[in-house]
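Take a look at the letters that make up each chain.
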Amino acid sequence: MKQESTSTMIIKSIMGIAMVIFLGILILQINNLEKNLILVKVESESTKLQLNKLNNTLNKINKVIKSGSFGVSSNQQVLSERKWLHPEVKNFLMGDPPKPAPEDAPSKGVFDKVYSFQGVDPKGFNFVIENGADVSEEIQEYLTMYLGRRSPNDPAVFYGDLAERIEITDDYKEYTIYIKEGVKWHRPLLDWSNPRYQWIKDEYFVTAHDVKYTYDLIMNSQVQASHSRNYYKDIESVKVLDNHTLVIRWKKKTYQSVSTTMGLYPTPKWLYAYNEDGEPFPEETAGLKFNEHWYNSKAIGCGAYQFVKWDKGVLIQLRRNDDYIGAMPPIKQINYHLIRDKNQQLLNFQSGLLDIHNLPVAQYRDKILDGPANSPYKNGTYKVEPVTRMVYRYIGWNLELPMFKDKKVRQALTHAMDRKNVIKKQLNGLGTLITGNFYRHSTAYDESIEPWEFDLSKSKKLLDEAGWIDTDGDGILDKIINGVKTDFKFGILTYGYREEIKSWVSIYKENLYKLGIQMEMQPTEWSVMLKRMEDREFDSYTGGWGLDFDGDPYQIWHSSQADLSKSSNRIGFRNKEADVIIDKLRETFEPEERVKLQRAFHKIVHEEQPYLFMYNEKLVVVTHPRLKNVSFQKARPHVQTMNWYLEE
Amino acid sequence: MQQYIIKRILMMIPTLFAITVIVFGILQMAPGKPGGGLETDSESANKQEGMAGHLIFKRQFHLDKPVFFNFRFWLNDDDIIQLLDEKYDKTKKYTRAQKNVATETIEDYGNDILPNFHRILERSDDKELKIRILSSFSANAARTLIHRFGEKLSEEERFINRETERENRRVAKFSYSPTMSSAEFDKLNFQVIDYLRSIEDRWNYSLLQKMYKCFFDTRFSYYFYNLLHFDFGISMVDKQPVLPKIMEKVGYSILLSVGSIILAYLLAVPIGIYSAVNPKTLLDKAITVGLFMLYSLPTFFVGTVLLFYFSEGSEYYKWFPTGGFKSIDSDNMTSLQQLKDISIHMILPLVCLTYVSLASISRYARTGLLDVIHSDYIKTARAKGLGEWVVVFKHAVRNGLIPILTLLGSVLPAVVSGSVVIEVIFNIPGIGLESFNAVITRDYNMVMGIQLISAVLTLLGLLVSDILYSIVDPRIQYE
């Protein structure tokens, strides 16, 4: 190699240094430029919003001027104009709407929470197709307006949301529904500078046709909405009288018709019936196209909040809808964070990112029971509130197996479960013992029924009576069934979501072992578990049912459901007496009569013990001090922030 | 060399085909339902999926077709009678699983079962059997409409669809109900036979048509046909195209794993060299023990500990962000700020990903170098009077580190597969978590997509490491 002269070396190094300095300056300048650009962007966005508002007000003023009615507020005018078809009938929507936030509540702030407390991405936001409770309780709750909603104080009555008046005939077969006028659809979330979306640029109002469209979609056999179709199949007809009035006729008088009708919501036909270029879908395949509609990964509605952003795996964002017709919620924006790991959730709550957190059993023990007294959890900085969820946990026995056919055996199995201690130790008190299928804090639940207590000697006696005796001295009970000597051995399917369930199942296993019963734990993956329950290929399993307010036992307990492969009556429960009650409940509207029937039903399932009923679960919700006016709803969803507000 | 590379690339095509077939076959054998949800915390009794919805779903993804070969033009009447017997079994002669399988099978056969129905209806006089056929008939006779994801249909196809729809509407009326009088039943029977006669020649397949149906009317061929167009299909869970979804997620994982690989090599190779140059000293032993202790610490534990001590949510040192890939308000940051934001988010995950691989890489480097350092040419170099540094770095390292290159080749597929544990603990929306979820929910298309991409990368990785060999060591030559 030739030796370079010193001078070239020096020149080269100087040039190198100069290059580096030059690059550095360039980067800094570009950075500055970018800063300014971002500022401009933010400013232009806020100007755009203000312009929009101004435009709206101008439009309103224009309308008033045109109609020539000064002095009268437009709302009052509408009310006086509207005519009811059956003015003699009492408005069905008599419930109290939720109390609005105090007037001096600051109207601002971003509410941050984990999406559905589990932090898993939803499948999509097409409300007709998606059947997950996460979408309906988190997103749809804020985005759509239902015809009527359950009153927070008394969930048995409804208040008007989209509907302003509903008239029901005495036989509960015909509902005449008047929906509010002037409810605007949210603007779809699209790139408006793209000429492709010019066709959808207009402003749209919610009409009765949109409500009927939802019904039509659910009943369209091409649409993947068969989970809701069961509910609406008893509707005889949905007729639109004019833009804001529709009549729904039911084929028969059923109690469920009330909640089903109230649960109807509008779906924008002007969006979902068209492809991205604004051409209507061909009629023959419209349902199939709807299933994969181009707007399905975004959500649209007419409610208090509108959908802003879904950053998959990171964030779902809602922003307050300034055109909302109901009481304006103070919180301006809701951020749902997709955080799966429970520790991440906790740390993000502690760091102040999240405003609300749900303490699972282990964290509850760490932070509240064993935590130091000066921790923010215990010194009053964070507000801690247990909320009883409308969920119960149970063990289901396969009633078609000979060993579980005998009522006495099932009672003996319940006697062997120390439920009080499980709640105290495994759950750290985060549960309420139940003896039947109803929510503990509802009128349907019969408090006078004494739970089967934990008593192994009683189990032993009942098992003796049922013929289960250890004849060969191998420590395991046996019995001759159909001429074959059978040992009392069975498996229990468990799946992974909740740690505490595994721990109480293993304690139960020990207790059964003392009685001479062998229970094998079979941890199973969820999708395999579902398949095995469809085929009824299990001995027993642990499960959890979420309850709705009606507490209709039909799907889980009616014997007609026991033969269907995809039904919720997985254990094959058949009881004539219970069937009569269930059928009668579906036609009874009188509250006291209903309670009587429900309690009679409760008594049967307590006596029969088709499930080993465990507990209603409690949720420990901790909230940041900046969150005010926090209260939890009795019915689901328990967390509803419409009248909460944020203080800095 | 060029020839060799071309040959290798051409060889990839049959290999990839074989991989596709095998992965596809294994996936179809997995128990559980495709496209289900992630496990839930509690279920709602009233929101169960009905049968009809499942059928639309199956047709959408061709799950009603056989996997590799379709011999449905040879369905046997006796088998069909047996299946019907199982489906409508009331005496509990068959288990519920058998009954469900029979129901699904009949449903899946769709139109293909109609010739058998026709023959049985014409010949048999078993009324019970006829009732069974008529009860299944309208569901089986319904024909599938032409429908492709996100595509517009041609006028011709729309015309066919309209005709099909009209026929389907007619067929839907042929339904049996138990309340029928025997005259009504006979009328229905007659109508159905009449209809079947009118469409009889649809099933007179020629040999060529049979061959076509056998190989191309199957799940695999539909999938493969799309694959040839670089179309990985749509996700069975959220009905969105798979490829963009993978690309979106893979970025996060690539950044993480490339970062950790670079970091690991930067740290481990010098450690390995040091250990090789000073073998069996106290420090060498201490390093070995220390690295293996790190190696045996599980990442989920270390990750959680790091978070509980060094993240913003901790009660101790609030140095690093709690998790995630970037801050929420990063949209309004300049590029430099974003760079800083992402880097600071990446520190803890990178530490977790890196410390595990330090042990293996540094050991590889150490042994590789030790082998070389005792060889004759190193002795010669030393004898020549070269300094120790020159001997080690110029002569030994170049040869001694060849084994490490092998590692680099095998690392490439890991780059896209991501790490489920790290992604969950640090809440990074990467491909690891996505593929894990896809397996759990039996999202066949998603799993296939991820597997195929990583298969391609594995093959490429092997090729690259082979080429690197010959660059580093001129003695290795490929013919």
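Computed from a prediction, not measured in an experiment: that's the story for all the values here.

**Quick word on the domain arrangement of chain A**
Residues and elements named next belong to chain A. Domain assignment breaks chain A into domain 1 (77-338 + 631-646) and domain 2 (390-619). Using C-alpha coordinates to define each centre, domain 1 is positioned 37 Å away from domain 2. With 13 residues of domain 1 at the contact, the number on the domain 2 side is 12 residues.

**Quick word on the interface of chain A and chain B**
In this complex, chain A contributes 65 residues to the contact, which on the side of chain B involves 57 residues. Breaking the side of chain A that touches chain B down by element, the ones donating at least two residues are α1 (6-67), α5 (226-232), α8 (286-291), α9 (342-350), α16 (526-534), β18 (540-546) and α17 (554-557) of chain A. If one sorts the elements of the side of chain A that touches chain B by residue count, α16 of chain A sits on top with 6 residues. Considered class by class, the residues forming the side of chain A that touches chain B number 19 nonpolar, 29 polar and 17 charged.

**Side note on the confidence of the model for chain B**
Residue and element names in this part refer to chain B. Residues at a pLDDT of 70 or more form 96% of chain B, whose mean pLDDT is 83. Across chain B, element-level confidence peaks in helix α13 (residues 299-310) with a mean pLDDT of 90 and bottoms out in strand β1 (residues 43-44) with 68. Per the prediction output, this complex has pTM 0.85; the corresponding ipTM is 0.83.

**A look at the pairing of strand β7 (residues 245-250) of chain A**
All names here are of chain A. With burial as the criterion, only one face of β7 is covered, namely that bearing L246, I248 and W250; the residues T245, V247 and R249 on the opposite face remain uncovered. Here strand β5 (residues 174-179) pairs with β7 via 5 bridges, running antiparallel. Looking at the pairing, E174 lines up with R249 of β7. Bridge count between strand β6 (residues 235-242) and β7: 6 bridges; the pairing is antiparallel. Its bridge partner lying in β7, D242 is registered against T245. Connecting the antiparallel pair β6 and β7 is a turn made up of 2 residues.

**Looking at the packing of helix α1 (residues 2-29) of chain B against helix α20 (residues 444-472) of chain B**
All names here are of chain B. One way to put it is that α1 packs onto α20 with a least axis distance of 10 Å and a crossing angle of 150°. In terms of their interaxial angle, α1 and α20 are classed as roughly antiparallel. Where α1 crosses over α20, the handedness of that crossing is right-handed. Listed contacts from α20 to R8, M12, T15, L16, I19, T20, V23, F24 and L27 of α1 are Y444, V447, M448, Q451, L452, A455, V456, L459 and L463.

Quick notes on the rules
- Residues numbered from 1 in each chain as written.
- Chains lettered and ligands numbered in written order.
- Predicted model: local features only at pLDDT ≥ 70, side-chain atom pairs only at ≥ 80, totals over all residues.
- Domains from an automatic or database assignment.
- Contact = placed C-beta atoms within 7 Å.
- Helix = DSSP H or I, 4+ residues; strand = E, 2+ residues; numbered from the N terminus.
- Nonpolar A, V, L, I, M, F, W, Y, C, P; charged D, E, K, R; others polar.
- pLDDT = per-residue confidence, 0-100.
- Buried ≥ 20, exposed ≤ 12 C-beta atoms within 10 Å, placed from the backbone.
- Pairing = 2+ DSSP bridges.
- Axes fitted to C-alpha atoms, helices over the stretch in contact; angles between N-to-C directions.
- Parallel < 35°, antiparallel > 145°, perpendicular 65-115°, else oblique.
- Left-handed = near helix turned anticlockwise from the far one by under 90°.

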